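Architecture and fold: a report
Here's the letter readout for the chains.
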Amino acid sequence: MTNPEGMLTWKDLEIGSIVAEPGNASQYQTGDWRSERPIFDNSKCIKCGICYIFCPEGCIEQNAEGYFEANLFYCKGCGICARECWTRAITIVPEEE
Amino acid sequence: MATKMGIEVSVAIGEAVRLANADVIAAYPITPQTHIVEHLAELVANGELDAQYIPVESEHSAMSACLGASAVGARTFTATAGQGLELMHEVLYVASSMRLPVIMTVANRALSAPLSVWGDHSDVMAVRDVGWIQIFTENGQEVVDNVLCAFRIGEDRRVLLPVMIHLDGFHLSHVIEPILFPEQSEVDQFLPPNQYPLPLDPSKPVSMGDFGPPIIYFETKWAQEVNLEAAREVILQCWNEFGKTFQRYYSPVECYHSEDAKVLLLTMGSFSETAMMAIDKMRRDGREVGLIRLRLWRPFPFGEIRQAVKNAEVLIVLDRALSFGGPGGPVCSEVKSALYGEDKKPRVIGFVGGLGGRDITPAGFEEIINRGIEISQKGSDQEFEIFGVRE
């Protein structure tokens, strides 16, 4: 798929909407489902990685300083990271704020 | 040189599938379709057809297995009827959306309740919008011929769609008729091997039947609609080619004494042959009546219908299904909608009859035509007429 999915016209589709290019699910922006986003307070973070382990989307990554951040291209704002965080370093805020 | 033999129509369908050299048959027996898949099971067991026969636990599984088989590029066949077609329902949409050319004969049967194994078109009409090409047949020869055509149409690169061949349960499925079978070499010539362009293949992986979020779903549906519309041309070409090869021609709308007829009756399936007897008799009596038979149900033959009825004053449509709380018969309502924008059109009168295996005799068709003419003159406060219900 050379175009992003949202740009494809009906004429661009393969027969039966077959996906002929393996592994292109990563091009799909699941982040546009999000109505809330996680905010990481690194002053409370103990770098345990529980948020990374529990994230169902696999979108939390550790940065060079060892802190964790969510990739908002994929983050659906489910809030599991905030719920599991032992030190309450993650808060979930509405997208419009 | 073709071979003519007296044979049960269901068994003849099995023979047609053998001649088509199907690779996979996945089916669940259900009356009045059982003899079709029973004969195919015999052919496979006896080594007369080199195919995988997959016995499944339900029609839902039968159609699902057919999807998998078709997805790897296998020539795939199944058959069902009535409740079985209903149980397949959700998978039927998947076959057409995924563009998998599964071929299926449906021995048309009434739907429960009350339980009825006898024929009508309730099952056909319930799957009207599933995106399959659908063809009505009137006799055993037509079923055999159209099974062969269905493989060629469905598997054509320009089509790649599943095809349903409708035959009336019992009235057609269980009768013994003289049928001409072409030679294997003639069928091989007419029907090229199935070459699905993007099959499931480990050396070239593809994903089929994926998730379609709002940003792409509508595009997939429009592509499907455009494709089904485009299939018209291929269907006509195939029937034309079939006619040239085997001297039996088929069209989306078949006409019988309709050219000069003031009053036309429209039927589909095996009842058309009985209706012809009524037309013959009325013609002998000097009446200007004719018959139109709907062969292609999807894609709907708008142009051919308009052309066939344009000189008539009255068009009587007999449906063998009820749309409860609706406009009567589904075929009649579609015919009306096809004619709505025409400047010159016949008055369309809808009848519903022949439900659950109830016969309509030639005298019955004559009664329907006479009653239709009466309504066209006097009007009626009903959306449609019923024929044959005891008061």
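These remarks concern the structure in this document. (Residues numbered from 1 in each chain as written. Chains lettered and ligands numbered in written order. Predicted model: local features only at pLDDT ≥ 70, side-chain atom pairs only at ≥ 80, totals over all residues. Heavy atoms only, no water.)

Topic: the overall build of chain A
The condition that has to hold: Secondary structure elements follow DSSP: runs of H or I no shorter than four residues count as helices, runs of E no shorter than two count as strands, and numbering proceeds from the N terminus. Computation of the radius of gyration draws on C-alpha atoms, with the globule rule given as 2.2 Å multiplied by the number of residues to the power 0.38. Exposure is judged per residue with a 1.4 Å probe applied to protein chains only, and the accessible area is read against the type maximum: over 50% gives exposed, under 20% gives buried, and values in between give partly exposed. For the purpose of counting charges, residues Lys and Arg are taken to be positive, whereas Asp and Glu are taken to be negative. His and the chain ends are not included. Just so you know, the charge point we use is NZ for Lys, CZ for Arg, CG for Asp and CD for Glu.
In terms of regular secondary structure, chain A is built from two helices and four strands. Relative to the compact-globule value of 13 Å for 97 residues, chain A shows a C-alpha radius of gyration of 17 Å, a clear excess of over 25%. When the backbone C-alpha atoms are referred to their principal axes, chain A occupies close to 50 × 30 × 20 Å. Every one of the 97 residues in chain A was classed for burial, and the buried ones make up 29%. Charge separation in chain A, taken as the distance between the mean sites of 8 positive and 15 negative side-chain charges, equals 7 Å.

Considerations on the overall build of chain B
Threshold: Only the protein chains shown count as cover for residues, and the accessible areas themselves come from Shrake-Rupley with a 1.4 Å probe.
Along chain B, the regular secondary structure elements total 12 helices and 15 strands. Over its C-alpha atoms chain B spans a radius of gyration of 21 Å, differing by no more than 12% from the 21 Å that the globule rule assigns to 391 residues. When the backbone C-alpha atoms are referred to their principal axes, chain B occupies close to 70 × 55 × 45 Å. Sorting the 391 residues of chain B into buried and exposed places 57% on the buried side. Accessible surface, chain B as shown: approximately 16,100 Å² in total, 53% of it carbon and sulfur.

Details of the interface of chain B and chain A
Filter applied, for reference: Pairs of residues are marked as contacts when any of their non-hydrogen atoms sit within 4.5 Å. Once two parts are put together, the accessible area they lose, assessed with a 1.4 Å probe and summed over both, is termed the buried area. What makes a salt bridge here is a side-chain nitrogen of Lys or Arg within 4 Å of a carboxyl oxygen of Asp or Glu, nothing more. We define a polar contact as two N or O atoms separated by no more than 3.5 Å, with the added condition that, inside protein, one atom must be a possible hydrogen donor and the other a possible acceptor, whereas residues neighbouring each other in sequence contribute only through side-chain atom pairs.
With 21 residues of chain B in contact, the opposing surface of chain A contributes 16 residues. Carbon and sulfur atoms make up 73% of the surface buried where chain B meets chain A, a total of about 1,600 Å² over both sides. When the buried area of chain B at its contact with chain A is split by residue, B:Leu198, B:Ile215 and B:Ile216 rank highest and sum to 28% of it. Where chain B packs against chain A, one counts zero salt bridges. For the interface between chain B and chain A, the tally reads one residue pair in polar contact (both at pLDDT 80 or more). When residues of the side of chain B that touches chain A are assigned to their parent elements, the largest contribution, seven residues, is made by helix 8 (residues 214-246) of chain B.

Comments concerning the sheet that holds strand 12 (residues 296-298) of chain B
All names here are of chain B. Selection criterion: Paired strands, as defined in this entry, are two strands with at least two bridges between them according to DSSP. In this analysis, axes come from line fits to C-alpha atoms, helices being fitted only over the stretch in contact, and the angle between any two N-to-C directions falls in the range 0 to 180 degrees.
Read from one edge to the other, the open sheet built from seven strands follows the order 3-2-4-5-7-6-12, with strand pairing classed as mixed. Among the strands making up the open sheet, the edge pair consists of strand 3 (52-55) and strand 12. For this sheet the average axis-to-axis angle between neighbouring strands, irrespective of direction, equals 20°. Where strand 2 (residues 24-27) lies against strand 4 (residues 76-80), two bridges are found, and the strand directions are parallel. Bridged to isoleucine 25 within strand 4 is phenylalanine 77. Helix 3 (residues 59-71) contacts strand 2, strand 3, strand 4 and strand 5 (103-108) of the sheet and is inclined by roughly 165° relative to strand 4.

Considerations on helix 4 (residues 82-97) of chain B
Residue and element names in this part refer to chain B. Using the following cut-off: To estimate the expected span of a helix, count its residues, drop one, and scale the result by 1.5 Å. To obtain the bend at a residue, axes are fitted to the seven residues ending there and to the seven starting there, and the angle between these axes is taken.
For helix 4, with 16 residues, the first-to-last C-alpha span of 22 Å sits near the 22 Å given by 1.5 Å per residue. Considering bend angle alone, the principal kink of helix 4 is centred on histidine 89 and spans about 60°. What helix 4 keeps buried is the set Gly82, Gly84, Leu85, Met88, His89, Val91, Leu92, Ala95 and Ser96. Close packing links the buried residues of helix 4 with helix 3, strand 4, strand 5, helix 5 (122-126), strand 7 (163-168) and helix 8. Trailing helix 4 by a residue or two, arginine 99 shows a phi angle of about 60°, which is positive.

Description of the nonpolar core
All names here are of chain B. Formally: Put simply, buried Ala, Val, Leu, Ile, Met, Phe, Trp, Tyr and Cys residues joined by side-chain atoms within 4.5 Å make one nonpolar core.
Counting 52 residues, the largest nonpolar core has Ile13, Ile25, Leu40, Phe77, Ile133, Val143 and Val147 as its most contacted members. Setting aside residues no more than four positions away along its own chain, valine 143 makes contact with Val9, Ile13, Thr137, Ile165, Leu167 and Leu172. If you look at the next biggest cluster of nonpolar residues, it comprises 27 residues, including Cys66, Leu67, Leu160 and Met208.

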